Amino acid sequence: MSVSQAAAQFERQYAEYRRSKTVWTVLFWALFAVCFVVSLVVTRFDVVALVEGLPRTTDFIVKMIPPIGWSTFGADVDEWYWGIGKWLNSLLNTLLMAYLATVLGTAIGGALSFLAARNLVKSYAVYWFTRRVLEIARTVPDIVWALLFVLAFGIGPLAGVLAITVHTLGAQGKLFAEVNENVSPLPIEGIRSSGGNWLHEMRYGVLPQALPNYMSYTFWRIELNVRSATIVGFVGAGGIGHDLFTSIQLLYFADAGAILLIVVATIMGIDMLSERFRHRLIGKEQLSQ
């Protein structure tokens, strides 16, 4: 084949590739548009109703913040946070629930993630079964798990810890498995060629590569679990969520606002601390210096 023939063949193949890409692009955006329109119709999304209703959403927020004057600022805040001792104790229970559930869920999900990574297991049956277990664990909302465990173990933090643990192991297992599937195979092949077994491959070939991502996902997960620990308190799983739900039920909007501010401040503090830990772990602070 001459150079001109090869060039002509390449041009034909490239033109065919461009046509195929254009067709698939058009099909994708057409399907996207159809799904978007169907979603608007089925959910009855109304822009006019949205614009008209937005001002009314501030009514609830206004009720959660009592009148506070500059001259009586201290007394007003003190009256607003009359239950600060009880709420902080409930917050501590919530944080401990989230911490324990994160540790347990991450440990179990991390162990299962090696079996849920297609490149790390030879048996497709083991891979398929582990993936399904993780899907069930994370697909069922944690508040539903909490309801089940409240029925089984009664009202209290134990039900909340178990519910968040199950949901966490499902989510962490999937995230860690995807990290495992993206590691370089070269260290694994080196360990295997030198006589190492499967556990050696995971310990010395996969874990050192994946550990920074593991830690990043774990810090992110503990933020989510603090919020989850608050929500599961709505169904009797203990923590500050129970106080928040009781305040809303009794229409004590000021108490609900005070509790929400405590939760928001806690989440912000955890986010800033986890960011510093992540940066220290990957050496970003040293690089910035």
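No experiment lies behind these values; they were computed from the predicted model shown. Per chain, residue numbering runs from 1 following the sequence as it is written. Owing to the predicted nature of the model, reporting of local features is limited to residues with pLDDT of at least 70; listing and counting of side-chain atom pairs is limited to 80 or more, with chain, interface and lining totals taken over all residues. The side-chain figures draw on all heavy atoms in the structure; neither hydrogens nor water molecules are used.

Chemist: Quick rundown of the overall build of the chain? Include the residues and the values.
Modeler: Per the convention used, a helix needs a DSSP run of H or I reaching at least four residues, while a strand needs a run of E reaching at least two, with both numbered from the N terminus. When you go through the chain residue by residue, the secondary structure sums to 12 helices and zero strands. N-terminal to C-terminal, the α/β element order of the chain is α-α-α-α-α-α-α-α-α-α-α-α. Computed over C-alpha atoms, the radius of gyration of the chain comes to 26 Å, more than 25% over the 19 Å expected from 2.2 N^0.38 for 289 residues, which places it beyond the range of a compact globule. Each principal axis of the C-alpha distribution contributes one length, and for the chain these read about 90 × 55 × 50 Å. Surface summary for the chain: the accessible area is close to 18,300 Å², and the carbon and sulfur share equals 70%. Here Asp and Glu are counted as negative and Lys and Arg as positive; His is not counted, and neither are the chain ends. Each charge is placed at NZ for Lys, CZ for Arg, CG for Asp and CD for Glu. Here the chain contributes 22 positive and 20 negative side-chain charges, whose respective centroids are spaced 11 Å apart. Taken over C-alpha atoms, the radius of gyration is set against a globule rule of 2.2 Å times the number of residues to the power 0.38. For the accessible areas, the method is Shrake-Rupley and the probe is 1.4 Å, while residue cover comes only from the protein chains on display.

Chemist: Lay out the side chain of histidine 167 in plain terms, naming residues and giving numbers.
Modeler: Within the element layout of this structure, histidine 167 appears in helix 7 (residues 157–181). With relative accessibility at 15%, the residue histidine 167 sits in the buried group. In this structure the side chain of histidine 167 is engaged in a polar contact, spanning 3.1 Å, whose partner is the backbone oxygen of arginine 138. We call two residues in contact when some of their heavy atoms are within 4.5 Å. Dropping the residues within four chain positions of it, histidine 167 is found in contact with Ala137, Arg138, Val140, Pro141, Asp142 and Arg221. With a 1.4 Å probe rolled over the protein chains alone, any residue whose accessible area is under 20% of its type maximum counts as buried; one over 50% counts as exposed, and the rest are partly exposed. Here a polar contact means two N or O atoms within 3.5 Å. Within protein one must be a hydrogen donor candidate and the other an acceptor candidate, and residues neighboring in sequence count only if both atoms are side-chain atoms.

Chemist: Can you tell me about the confidence of the model for the chain, naming the residues and giving the values?
Modeler: Caution is warranted with low-pLDDT regions, since their predicted coordinates should not be read in detail. A score between 0 and 100, pLDDT records how confident the predictor is in each residue. Here the chain averages 87 in pLDDT, while 96% of its residues score no lower than 70. Per-element averaging of pLDDT across the chain places helix 12 (residues 284–288) at the bottom with 48 and helix 5 (residues 124–139) at the top with 94. Residue range residues 285–289 is modelled with pLDDT below 50. Its contacts to residues more than four positions away, or to other chains, number three contacts.

Chemist: Before we move on, could you go through the pattern of salt bridges and cite the residues and values that matter?
Modeler: Opposite charge on two side chains permits them to pair, given that their charged atoms come into close proximity. What counts as a salt bridge is simple: a side-chain nitrogen of Lys or Arg found within 4 Å of a carboxyl oxygen of Asp or Glu. Tallied over the full model, the rule gives four salt bridges. A salt bridge links arginine 132 to glutamate 135, with the shortest nitrogen-to-oxygen separation between them at 2.6 Å. Of the two residues, arginine 132 and glutamate 135 both sit in helix 5, three residues apart, roughly one turn of that helix. The residue glutamate 178 makes a salt bridge to lysine 174 at a minimum N-O spacing of 2.8 Å.

Chemist: Break down the layout of surface pockets for me, citing the residues and quoting the values.
Modeler: In this structure, the largest pocket encloses a volume near 300 Å³. Breaking the lining of the largest pocket down by element, the ones donating at least two residues are helix 4 (84–115), helix 9 (198–232) and helix 11 (253–282). In this classification, Asp, Glu, Lys and Arg are treated as charged, Ala, Val, Leu, Ile, Met, Phe, Trp, Tyr, Cys and Pro as nonpolar, and every other residue, Gly included, as polar. Looking at the lining of the largest pocket, its residues break down into 10 nonpolar, four polar and no charged. Computed over the protein atoms alone on a 1 Å grid, cavities are sets of points where a 1.4 Å probe fits but cannot get out and pockets are open sets with protein on both sides within 12 Å along at least five of seven lines; a residue lines them when it has an atom within 4 Å of a point. Grid points are joined across faces, edges and corners, and a volume is the space filled by probe spheres set on the points.

Chemist: Explain the nonpolar core to me, and be specific about the residues and the numbers.
Modeler: Among buried residues, the Ala, Val, Leu, Ile, Met, Phe, Trp, Tyr and Cys ones that are joined through side-chain atoms within 4.5 Å form a nonpolar core. Counting residues in hydrophobic clusters, the biggest one holds 35 residues, and the most contacted among them are Tyr81, Trp87, Phe149, Val232, Ile240, Ile259 and Ile262. Put simply, the parts of the chain that give this core at least two residues each are helix 4, helix 5, helix 6 (142–153), helix 7, helix 9, helix 10 (240–249) and helix 11. Ignoring anything within four residues of it in the chain, the contact list for tyrosine 81 reads Trp87, Ala258, Leu261 and Ile262. Core analysis: the second largest hydrophobic core is formed by 12 residues, Leu175, Ile188, Val206 and Tyr214 among them.

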